[in-house]
Amino acid sequence: QGQLVESGGGVVQAGGSLRLSCAASGNIYRINAMGWYRQAPGKQRELVATITSGGRTNYADSVKGRFTISRDNVKNTVYLQMNSLKPEDTAVYYCTVATLWGNDYWGHGTQVTVSS
């Protein structure tokens, strides 16, 4: 059974930085796209950023220029570097992985809180 383990969330002041990590383990093979979503209280889950196996990235307009997604294909890990954080970035952040077999996996989420 494969699983995704997220780390790096926490509380930070506005303008600060955090780096999220998500490692895929167990029976997760042939990883294709990896990404991050977030869900704020009372809101729907939304896309933050994705990265393909070839390194192509896509970002939500709200985080462009502030967040950077990257991946380590040897470690099966995806990262999200978040700079210039704003209170509106407060949410639970979820990582997701899609395999070439058509399977999708989700992490349990990590809380990011940005204080003003």
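Everything that follows concerns the structure shown earlier in this document.
Residues numbered from 1 in each chain as written. Predicted model: local features only at pLDDT ≥ 70, side-chain atom pairs only at ≥ 80, totals over all residues. Heavy atoms only, no water.

Undergrad: Got a minute to help me understand the overall build of the protein chain in this structure?
TA: Looking only at helices and strands, the protein chain has zero helices and eleven strands in total. Order of helices (α) and strands (β) in the protein chain, N terminus to C terminus: β-β-β-β-β-β-β-β-β-β-β. For 116 residues, the compact-globule estimate of 2.2 N^0.38 gives 13 Å, and the C-alpha radius of gyration of the protein chain, at 14 Å, lies within 12% of that figure. With the C-alpha coordinates aligned to their principal axes, the bounding extent of the protein chain is approximately 40 × 25 × 25 Å. In the protein chain, buried positions account for 40% of the 116 residues. When contacts within the protein chain are restricted to residue pairs at least 6 apart in sequence, long-range pairs at least 24 apart make up 54% of them. When the accessible area of the protein chain is evaluated, it comes to approximately 6300 Å², of which 46% is carbon and sulfur surface. (Helix = DSSP H or I, 4+ residues; strand = E, 2+ residues; numbered from the N terminus. Rg over C-alpha atoms; globule rule 2.2 N^0.38 Å. Buried < 20%, exposed > 50% of the residue type's maximum accessible area, 1.4 Å probe, protein only. Contact = heavy atoms within 4.5 Å. Areas by Shrake-Rupley, 256 points an atom, 1.4 Å probe, with all protein chains shown as cover.)

Undergrad: Quick question: what am I supposed to make of the packing of aromatic side chains here?
TA: For any pair of aromatic rings, geometry is given as the distance between the ring centres together with the angle between the planes. All chains considered together, the criterion is met by one aromatic pair. Lying over the aromatic face of tyrosine 94, arginine 45 brings its terminal NZ or CZ to 3.8 Å of the ring centre. A cation over an aromatic ring shows up here: arginine 45 above the ring of tryptophan 106, its NZ or CZ 5.0 Å from the ring centre. (Phe/Tyr/Trp six-rings, centres within 6.5 Å; stacked < 30°, edge-to-face > 60°. Lys NZ or Arg CZ within 6 Å of the ring centre and 35° of its normal.)

Undergrad: Teacher, can you tell me more about the state of the cysteines here?
TA: Between two cysteines, a covalent bond joining their sulfur atoms is known as a disulfide. Applying the stated rule across the entire model yields one disulfide. Across the disulfide from cysteine 22 sits cysteine 95; the S-S distance is 1.9 Å. Highlighted residues: cysteine 22 in strand β3 (residues 18-25) and cysteine 95 in strand β9 (residues 91-99), separated in sequence by 73 residues. Look at cysteine 22 and you get buried, because its relative accessible area is 1%. According to the relative accessible area criterion, cysteine 95 is buried, its value standing at 0%. (Disulfide = S-S within 2.5 Å.)

Undergrad: How should the environment of asparagine 76 be read in this particular structure?
TA: Mapped onto the fold, asparagine 76 is located in the loop between β7 (67-72) and β8 (77-82). For asparagine 76, a relative accessible area of 24% puts it in the partly exposed group. Considered as a pair, asparagine 76 and arginine 30 are 46 residues apart in the sequence and their alpha carbons are 9.7 Å apart. Not counting the four nearest positions on each side in its chain, asparagine 76 is found in contact with Cys22, Ala23, Ala24, Ile28, Ile31 and Met34.

Undergrad: Would you explain the sheet that holds strand β1 (residues 3-7) in this entry?
TA: Pairing between sheet strands relies on hydrogen bonds along the backbone, with the strands arranged either parallel or antiparallel. One open sheet holds the four strands; their spatial order is β1-β3-β8-β7, and the pairing between them is antiparallel. Of all strands in the sheet, those with a lone pairing partner are β1 and β7, marking the two edges. Taken over all neighbouring pairs, the strand axes of this sheet differ in orientation by 15° on average, direction set aside. Across five bridges, β1 lies against β3 in antiparallel orientation. Within β3, the position partnered with glutamate 6 by the bridge is cysteine 22. (Pairing = 2+ DSSP bridges. Axes fitted to C-alpha atoms, helices over the stretch in contact; angles between N-to-C directions.)

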